[in-house]
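Topology and contacts: notes
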Amino acid sequence: MRPAEPLPGSVQPAASDLAIRIVHDNCPGVAGMKTAWGFSALVTGLEKVILFDTGSDGALLLENLARLEIDPGRIDIVVLSHLHGDHTGGLAGLLQANPRVQVCLPASFPARFKEVVQGYGATLHEIAGPQEICRDVHTTGVLGRRLKEQALAIRTPRGLVVLTGCAHPGITRILQTVRRLHPEDLFLVLGGFHLEWVTTWKIAAILRVFRSHGVRYVAPTHCSSDKARRLFQQDYGPACLDIGVGKTIALADLTT
Ligand SMILES: [Zn+2]
Ligand SMILES: [Zn+2]
């Protein structure tokens with residue numbers, strides 16, 4: 001999966017055109033886009049077009065992609081964060097539309113799941129430890145004991161962009177892991193933070209961890225909970241990005 005080394009003297013394209021579009025989310029965003037429980041985000045502006053998670057419903061995912069005029073045939077790599085159906089349920093629909101993708105999933109996924117993916121003709125990459133997915137994109141490797149989950153860290157000229165699915169291993173543990181693996185600053189953390197049923201006191205402690213790591217922007221969605229989204233909004237102000245299905249977070253627009 002490691003791309004060829006650039007030729008000596010060639011300029012490494014930095015991910016300054018990075019854009020993340022939320023294509024499946026239970027949090028509403030843009031009018032006309034359909035919501036359903038789950039999460040999926042399309043990442044462009046990199047060496048490869050990446051779909052991070054697939055939401056719960058393939059038909060809805062494809063419908064939302066069509067509404068955003070995104071051809072599923074453009075997707076090169078699908079990264080699945082963890083086994084829950086609200087992140088993997090849309091995969092079959094996506095593979096029917098585009099079977100020529102690479103699917104990066106935790107090695108702990110059931111054998112039957114992997115067989116089905118390969119049955120569509122997709123290439124399987126089983127993830128255990130941290131590794132490069134494509135240029136500028138690294139997985140944290142699979143974290144968590146019971147519920148295995150991977151997150152992505154994307155290198156940009158502004159710092160690292162971290163993408164989380166449900167953050168079952170703990171959002172703070174994911175941030176600590178990214179910090180351990182990469183020297184760059186944390187610029188943006190986006191995705192599900194898994195803060196439903198978490199007390200206000202605990203969320204305040206989590207916010208302190210975000211601040212201690214110097215996270216510049218946050219975009220909590222999916223399973224982050226309304227309460228946590230409100231508390232992040234209060235703490236981060238405009239640097240807590242308005243996010244939901246159909247919204248685009250473009251690196252170039254984050255100017256502060
Ligand atoms: Zn989950
Ligand atoms: Zn989830």
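Residues numbered from 1 in each chain as written. Chains lettered and ligands numbered in written order. Predicted model: local features only at pLDDT ≥ 70, side-chain atom pairs only at ≥ 80, totals over all residues. Heavy atoms only, no water.

Some details on the pairing of strand β2 (residues 39-44)
Just so we agree on the cut-off: Each residue is assigned to one of three classes by its accessible area relative to the maximum for its type, calculated with a 1.4 Å probe on protein chains only: buried under 20%, partly exposed between the two thresholds, exposed over 50%. Runs of H or I in DSSP of at least four residues are treated as helices and runs of E of at least two as strands, each being numbered from the N terminus. Strand pairing is assigned whenever DSSP detects at least two bridges linking the two strands.
Within β2, six of the six residues are buried, leaving the element largely enclosed by the surrounding structure. Side chains Phe39, Ala41 and Val43 project from β2 onto one buried face, and the interleaved Ser40, Leu42 and Thr44 project onto a second face that is buried too. Where strand β1 (residues 19-25) lies against β2, six bridges are found, and the strand directions are antiparallel. Bridging from a neighbouring strand, His24 pairs with Ser40 of β2.

Considering the coordination of the zinc ion (ligand 1)
Note the following rule: The donor definition counts N, O and S atoms within 2.8 Å of each metal and applies 3.2 Å to Na, K and Ca; water is not among these atoms, so some sites may look incomplete. A four-donor site is called tetrahedral if each angle lies between 85 and 135 degrees; a four-donor site is square planar, and a six-donor site octahedral, when trans pairs exceed 155 degrees and the remaining angles lie between 65 and 115; all other cases are labelled irregular.
Taken together, His82 (NE2), His84 (ND1), Cys166 (SG) and His168 (NE2) make up the protein donors of the zinc ion (ligand 1), found 2.1 to 2.7 Å from the metal. Geometry at the zinc ion (ligand 1) is irregular, judged from its four donor atoms and the angles of 92 to 165° they form at the metal. For the zinc ion (ligand 1), all donor residues lie on one chain, and their spacing in sequence is H-x1-H-x81-C-x1-H. The metal-metal distance between the zinc ion (ligand 1) and the zinc ion (ligand 2) is 3.6 Å, with Cys166 serving as a donor to both. Remark: His168 occurs in the loop between β10 (159-164) and α5 (171-181) and His82 occurs in the loop between β4 (77-79) and α2 (85-88); sequence separation between them is 86 residues. Residue classification places His82 among the buried positions, given a relative accessible area of 0%.

Here's the deal with the sheet that holds strand β8 (residues 137-139)
Backbone-to-backbone hydrogen bonds pair the strands of a sheet. The strands run either parallel or antiparallel. Rules: The convention used is that axes are lines fitted to C-alpha atoms, helices contributing only their stretch in contact, and that angles between N-to-C directions extend from 0 to 180 degrees.
Taken in spatial order, the six strands make up an open sheet running β7-β8-β9-β10-β11-β12, and their pairing is mixed. Looking along the sheet, the strands with just one partner apiece sit at the ends: β7 (131-134) and β12 (217-221). Direction aside, the axes of adjacent strands within the sheet are offset by 20° on average. As judged from the three bridges shared by β7 and β8, these two strands associate in the antiparallel manner. Within the sheet, the bridge partner assigned to Glu132 lies in β8 and is His138.

So, the nonpolar core
Let me state the cut-off plainly: The set of buried Ala, Val, Leu, Ile, Met, Phe, Trp, Tyr and Cys residues whose side-chain atoms join them within 4.5 Å is what this entry labels a nonpolar core. Contacts: residue pairs with any heavy atoms within 4.5 Å of one another.
Counting 58 residues, the largest nonpolar core has Ile20, Ile50, Leu188, Leu190, Phe210, Phe232 and Tyr236 as its most contacted members. The greatest single-element share of this core, amounting to five residues, is contributed by strand β11 (residues 186-192). Setting aside its immediate chain neighbours within four residues, Leu188 contacts Leu160, Val161, Val162, Tyr217, Val218, Ala219, Leu241, Ile249 and Leu254. Counting residues in hydrophobic clusters, the runner-up holds 21 residues, among them Ile70, Val78, Leu80 and Val101.

Quick word on the coordination of the zinc ion (ligand 2)
Coordination sphere of the zinc ion (ligand 2), protein contribution only: Asp86 (OD), His87 (NE2), Cys166 (SG) and His222 (NE2), at 2.1 to 2.2 Å. Taken together, the four donor atoms coordinating the zinc ion (ligand 2) and their angles of 91 to 152° define a geometry best described as irregular. The sequence motif formed by the donor residues of the zinc ion (ligand 2) is D-H-x78-C-x55-H. Residue class for His87 comes out buried when judged on its relative accessible area of 0%. A relative accessible area of 3% places His222 in the buried class.

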